[in-house]
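Observations on the three-dimensional arrangement
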Amino acid sequence: MGKFLLLAFRNVFRNRRRTIMTLVMVGGGVVGLLLVGGFFARMFWGLRESTINDGLGHIQIFTAEHFNREEKHVLDTGIDNWRQVAATVSTGGHVRGVAPRIEFYGMLSNGVKSGVFMGSAVDPVAENSLGFSPRIAQGRDLDTKPGGEMEALIGAGVARSMNVKPGDGLTLLAVTSDGALNGIDVQIAGVVNTGYKEVDDRYLRITLPSAQRLLQSDRVTNLVVGLDNTDNTDVVAAQLAPRLNGLPQQLVLKKWIDLAAYYKQVRSLFSTIFVFLGIIVFFMVLMSSVNTLLMTMFERTREIGTMLAMGTPRSWIMALFVLEATLLGVMGAIVGVACGNLFGFLLNHAGIHLPPPPGTTVPMAFKVLYVPSLMVGSSILVIVSLALAAILPAIRASRLQIAEALAHV
Amino acid sequence: MNELAAVDEIAELVSVESVTRRFPLDHNYVSALDDVNLHVHSGEFLAIAGPSGSGKSTLLNLIGCIDKPTSGRILIDGVDTSTLNSARMTALRREKIGFVFQTFNLIPVFTAAENVEFPLLVQGFSSSVRRERVAEALESVGLSARANHRPDLLSGGERQRIAVARAIVHRPALVLADEPTANLDTRNATQLIDLMHDLNRRLGLTFIFSTHDQRLLEHTDRIVRLTDGRVVSDTQSGGAHNAEFQSDEIMVTQAQMKGSSHGQVLASSL
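Residues numbered from 1 in each chain as written. Chains lettered and ligands numbered in written order. Predicted model: local features only at pLDDT ≥ 70, side-chain atom pairs only at ≥ 80, totals over all residues. Heavy atoms only, no water.

Remarks on the interface of chain B and chain A
Contacts between the two partners involve 24 residues from chain B, matched on the other side by 21 residues from chain A. In this assembly, chain B and chain A are joined by 2 salt bridges. The partner of Glu114 of chain B in a salt bridge is Arg10 of chain A, with the nearest N and O atoms 2.5 Å apart. At the boundary of chain B with chain A, the tally comes to 7 residue pairs in polar contact (both at pLDDT 80 or more). Elements with a minimum of two residues in the side of chain B that touches chain A: α3 (86-96) and α4 (112-123) of chain B. Taken together, the residues that form the side of chain B that touches chain A break down as 11 nonpolar, 6 polar and 7 charged. (Contact = heavy atoms within 4.5 Å. Salt bridge = Lys/Arg side-chain N within 4 Å of Asp/Glu carboxyl O. Polar contact = N/O pair within 3.5 Å; in protein donor to acceptor, adjacent residues only side chain to side chain. Helix = DSSP H or I, 4+ residues; strand = E, 2+ residues; numbered from the N terminus. Nonpolar A, V, L, I, M, F, W, Y, C, P; charged D, E, K, R; others polar.)

Encoded structure:
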């Protein structure tokens, strides 16, 4: 077996120029997959972390009814004893903090113009402790002092359409938990640019006490749990679930991935694109390698005839060709992984920025992530591709008529 | 006991019986061998001679089990090769036959020793046996010192001696050599002829080779001459061959050949 492997290895380097060309082609395929895949992975990672840090958190806690029955009014299905729940959750491992939220909607007006908003009421101290800071474009964040002025952050789109700026006043109208219409006046503390135009056009953020006064309820819609690391989400969720079962109100946990619809859509779309790219690379390597390996087979016809004449089983000849192609694939994969990581390193340090993706307003840094599973997957792809490419030449070689092969010039 | 009877007692290694080989050519057939009979005993040193296109290589290919006759049958060491399937033909070649080719046909990426080792590798010998046999084979062809050289670093004569070592390393019953001296200069050709003859005498190896090289024919015990795919003479004893081939006086008909079972001097006995 050792000698057979040695023969295959030496045959790979028999025509060095051709071998180098094949390695460049195979390695190029791997480099392409690593760079594109690494960029996508970095994009997924960035989108995941920004989605979480923009306020989604790693885990959110709702009442069971929140998802089970139709809500008539905001906070109909809110969490009653949310302080107790927050205290219970905060004692868990890997938990950095818990932030109460009220997600609500209503109308706003500056006396001249009116519009609808999708509001979020927060505890600024808890939010800040979890690093959930809104991207302030103008003005400042909400005051963290309890009992301060009733303030609001509005989206850049809201500010533009309402023609308001920090320091101006707004009236917020919403339906209370009893079904009555209530209103409060707030002062605009700052303007936020979320990066998503549709969100910016409806964005409103006020403090929890302000919202509770507006909605006439002490409840919150959900509790947002921040962890020390996104990778601990599953572990913490598994630990928290039984602890929440002992509380008076029936609560459910939602992991960030369950709530990040946009992230899932983006990931699905780009994953499909990547699979398509992988298929292209696979067939590119396959088709060009078939040609190269057939050429190799024709050049070695007499040698194959000699080996067959000496009693070499035809299966050995076939295995030899497949082995040579596999070795070539392994070497191409090594070259590709090495070059891919090198190019990735250079690109990561080149400071390249891409235009804002559709639906966003912030330019995206071009970064490539080093993903071991991607390196292994790309390598396997080209190795399998080359091994498959060798099958046709291998079959033809193994079926050569010995007398004709020996007479081959 | 006369000479004929003595030869009969030696085991018959190759028996070619009424063999015909035709190749398709456009819508017709060309006959490379036509009703050929030949019997070779163990330890013979036999040349198949004849002009280009006479069927020498075809006959060697058939005896070497790398081609199949259109009709007739060939027995190697008593085994009727026409009854063997592909795998058993391969096994027969592997175990009983060694090949030497006109163009040496060494594996260029292997060293001389590795080339010689290859038949043993295919037969599944252990590495220690392989090492021992390769050393013996290289010693027998006088190229132990060149064991680790690649073919491209060897002269033509050395390459052909390595090819001979490769052909004998697994101790086959029969060595077939197709025009072994055709690509060699006189000095190397003479050395190769002497080497093969020495191996024939010393180890009792049976050699059958095709040639039209007069130098080789002068050293050959028995010569079978083909013309247009038919055996036209089968003569024995080396020294007289030269004159015989030049005068071409002693000819046998195919019908006469068919009756002979071995390589006695047919012409003189007729």
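Regarding the sheet that holds strand β7 (residues 174-178) of chain B
Residue and element names in this part refer to chain B. Taken in spatial order, the 6 strands line up as β6-β7-β8-β3-β9-β10 in an open sheet, and their pairing is mixed. Where the open sheet ends on each side, the last strands, each with one partner, are β6 (97-100) and β10 (230-236). Within the sheet, the average angular offset between the axes of one strand and its neighbour, ignoring direction, is 15°. In this sheet, β10 lies alongside strand β9 (residues 222-227) in antiparallel orientation, the contact comprising 6 bridges. Paired with Arg222 across the strands is Gln236, a residue of β10. (Pairing = 2+ DSSP bridges. Axes fitted to C-alpha atoms, helices over the stretch in contact; angles between N-to-C directions.)

A word on unusual backbone geometry
The phi angle of most residues is negative, glycine excepted, and most peptide bonds adopt the trans form. The phi torsion at Asn163 of chain A lies on the positive side, around 55°, for a residue other than glycine. Looking at where Asn163 of chain A falls in the secondary structure, it is placed in the loop between α6 (156-162) and β6 (169-175). Overall, Asn163 of chain A belongs to the exposed group, its relative accessible area being 65%. In this model, Ser18 of chain B sits at a positive phi of 50°, which is unusual for a non-glycine residue. Residue position: Ser18 of chain B is located in strand β1 (residues 12-25). (Buried < 20%, exposed > 50% of the residue type's maximum accessible area, 1.4 Å probe, protein only.)

Side note on the pairing of strand β8 (residues 206-211) of chain B
Residues and elements named next belong to chain B. Within β8, 6 of the 6 residues are buried, which leaves the element mostly enclosed by the surrounding structure. Along β8, one buried face is formed by Thr206, Ile208 and Ser210 and the opposite face, lined by Phe207, Phe209 and Thr211, is buried too. Inspection of the sheet shows strand β3 (residues 45-49) paired to β8 by 5 bridges, in the parallel sense. Paired with Ile48 across the two strands is Ser210, which belongs to β8. Alignment of β7 against β8, held across 5 bridges, turns out to be parallel. Its bridge partner lying in β8, Leu174 is registered against Thr206. For the crossover from β7 across helix α7 (residues 186-203) to β8, the handedness is right-handed. (Right-handed = clockwise from strand over helix to strand, strands pointing away.)

What about a nonpolar patch on the surface?
Together, Met107, Val116, Leu173, Val175 and Leu181 of chain A give the surface a local cluster of nonpolar side chains, amounting to about 430 Å² of exposed area. Overall, Val175 of chain A belongs to the partly exposed group, its relative accessible area being 36%. (Patch = residues over 30% accessible without salt bridge, like charges linked within 9 Å, V, L, I, M, F, W, Y side chains within 5 Å. Areas by Shrake-Rupley, 256 points an atom, 1.4 Å probe, with all protein chains shown as cover.)

Thoughts on the packing of helix α2 (residues 16-56) of chain A against helix α13 (residues 314-348) of chain A
What describes two packed helices is the angle between their axes and the distance between those same axes. All names here are of chain A. It is the contact of α2 with α13, at a shortest axis distance of 7 Å, that shows an interaxial angle of 50°. Compared by their axis directions, α2 and α13 come out oblique. The interaxial crossing formed by α2 with α13 has right-handed handedness. Facing Thr19, Thr22, Leu23, Val26, Gly27, Val30, Val31, Leu34 and Leu35 of α2, the residues of α13 in contact are Leu328, Gly329, Met331, Gly332, Ala333, Gly336, Val337, Cys339, Gly340, Phe343, Gly344 and Leu347. Along the lines of polarity and charge, the residues of the contact of α2 with α13 split into 13 nonpolar, 8 polar and no charged. (Parallel < 35°, antiparallel > 145°, perpendicular 65-115°, else oblique. Left-handed = near helix turned anticlockwise from the far one by under 90°.)

Concerning the side chain of Thr312 of chain A
Considering the arrangement of structural elements, one finds Thr312 of chain A in the loop between α12 (301-309) and α13. The class for Thr312 of chain A is buried, based on a relative accessible area of 1%. Among the polar contacts listed, one links the side chain of Thr312 of chain A to the backbone oxygen of Met307 of chain A, at a separation of 2.6 Å. What Thr312 of chain A contacts, discounting residues up to four positions off in sequence, is Met307 and Ile317 of chain A together with Thr90, Phe118 and Val122 of chain B.

What to know about the packing of aromatic side chains
Aromatic ring pairs are reported here in terms of the distance separating the ring centres and the angle at which the planes meet. Tallied over the entire structure, the rule returns 15 aromatic pairs over all chains. Seen from their ring centres, Trp256 of chain A and Tyr263 of chain A are 5.1 Å apart, and the 70° between their planes marks the pair as edge-to-face. Residue Trp256 of chain A is classed as buried on the basis of its relative accessible area, which comes to 9%. Put simply, the rings of Phe39, Phe40, Phe44, Phe270, Phe274 and Phe366 of chain A touch in pairs and so form one group of aromatic residues. We note Arg300 of chain A situated over the ring of Phe321 of chain A; from NZ or CZ to the ring centre the distance is 4.9 Å. Of note, Arg133 of chain B hangs over the ring of Phe125 of chain B, and the distance from its end group to the ring centre comes to 4.7 Å. (Phe/Tyr/Trp six-rings, centres within 6.5 Å; stacked < 30°, edge-to-face > 60°. Lys NZ or Arg CZ within 6 Å of the ring centre and 35° of its normal.)

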